[in-house]
Amino acid sequence: MLATAVAAAAPEVPVRSGRGHLTVLLSGTSSDAHTWNLVYLQLLLEEAGHTVVNLGACVPDDLLVDRCRDLRPDLLVMSSVNGHGRRDAAQAGRRLRQCPQTAGVPAVVGGKLGIADRPNSRLAPELLAAGFDRVFGEQVSELLEYTASVPAR
Ligand code: B12
């Protein structure tokens, strides 16, 4: 309930403009209620100068695709830590790629995507096949390095 409220209350417009070059759409996966991962990533990306629209937790795939289509971000960053990221993100990735207006939006995912015995590296092929351009673990420094290589539209 709380998570739904967070997603519903997500800002319609960028909350802050920085010196960086990207507009980043940040989103939790459909079943993931964790929020501090998203707060952390938002602050990190904003500190790096990017403009962040944070959709919050438990974002339904329809909402994600709608927001992505409306905003046309330079980069979509999905985060999942509840252990269901593999399934949820794969589904979201396929939905994004099926929509002509969002098919070309660069998209990455990371966090704790599986449970302990399934490290992200083992889950990456499935998520890449679902349409993600890059699958990260928990290393935010790698995400920041990656953003430097993403062109603004
Ligand atoms: C607080 C918490 C909760 C709270 C969340 C409240 C809230 N408003 O966020 C509540 C109680 C709701 C909760 C629920 C559940 N939780 Co919980 N939770 C935690 C806990 C203790 C802390 C999470 C946190 O806030 N961390 C602080 C943030 C800043 O760090 P972070 O989330 O780790 O994110 C970092 C990295 O992962 C990385 N990162 C994250 N996303 C991305 C994306 C990219 C692209 C990159 C590069 C990096 C990156 O960057 C962040 C900063 O370093 C963790 C255990 C732990 N110590 O981590 C378990 C944990 C995440 N929860 C877990 C589980 C299993 C659940 C439940 C399924 C439990 C249950 N059976 O109900 C539910 C899931 C509910 C749902 N629908 O999602 C597991 C996940 C297991 C896994 N993935 O292997 C954990 C790891 C506990 C454990 N050891 O088992 N949880």
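Further up the page is the structure itself.
Cut-offs and rules
- Residues numbered from 1 in each chain as written.
- Predicted model: local features only at pLDDT ≥ 70, side-chain atom pairs only at ≥ 80, totals over all residues.
- Heavy atoms only, no water.
- Buried < 20%, exposed > 50% of the residue type's maximum accessible area, 1.4 Å probe, protein only.
- Helix = DSSP H or I, 4+ residues; strand = E, 2+ residues; numbered from the N terminus.
- Pairing = 2+ DSSP bridges.
- Right-handed = clockwise from strand over helix to strand, strands pointing away.
- Near = heavy atom within 4 Å.
- Polar contact = N/O pair within 3.5 Å; in protein donor to acceptor, adjacent residues only side chain to side chain.
- Nonpolar A, V, L, I, M, F, W, Y, C, P; charged D, E, K, R; others polar.

Trainee: Describe the pairing of strand E4 (residues 107-111), naming the residues involved and giving the relevant values.
Mentor: Burial runs high along E4: five of the five residues are buried. Of the two faces of E4, the one carrying Ala107, Val109 and Gly111 and the one carrying Val108 and Gly110 are both buried. Bridge count between strand E3 (residues 75-80) and E4: five bridges; the pairing is parallel. Across the sheet, the residue bridging to leucine 76 is alanine 107, located in E4. At this point the chain moves from E3, through helix H4 (residues 85-98), to the parallel E4, and the crossover so formed is right-handed. Alignment of E4 against strand E5 (residues 134-135), held across two bridges, turns out to be parallel. If you follow valine 109 over to E5, its bridge partner there is valine 135.

Trainee: Residue-level account of the site of the ligand, with values.
Mentor: Of all residues adjacent to the ligand, which total 28 residues, the nearest are Ser31, His34, Thr35, Ser79 and Lys112. Histidine 34 places a side-chain nitrogen or oxygen 2.7 Å from a nitrogen atom of the ligand. Taking valine 81, its main chain carries an N or O atom lying 2.9 Å from a nitrogen atom of the ligand. Those elements that place two or more of their residues in the shell around the ligand are helix H2 (36-47), E3, E4 and helix H6 (140-147). The greatest single-element share of the shell around the ligand, amounting to four residues, is contributed by H2. Broken down by class, the residue content of the shell around the ligand amounts to 13 nonpolar, twelve polar and three charged.

So yeah, pure geometry; function would need other evidence.
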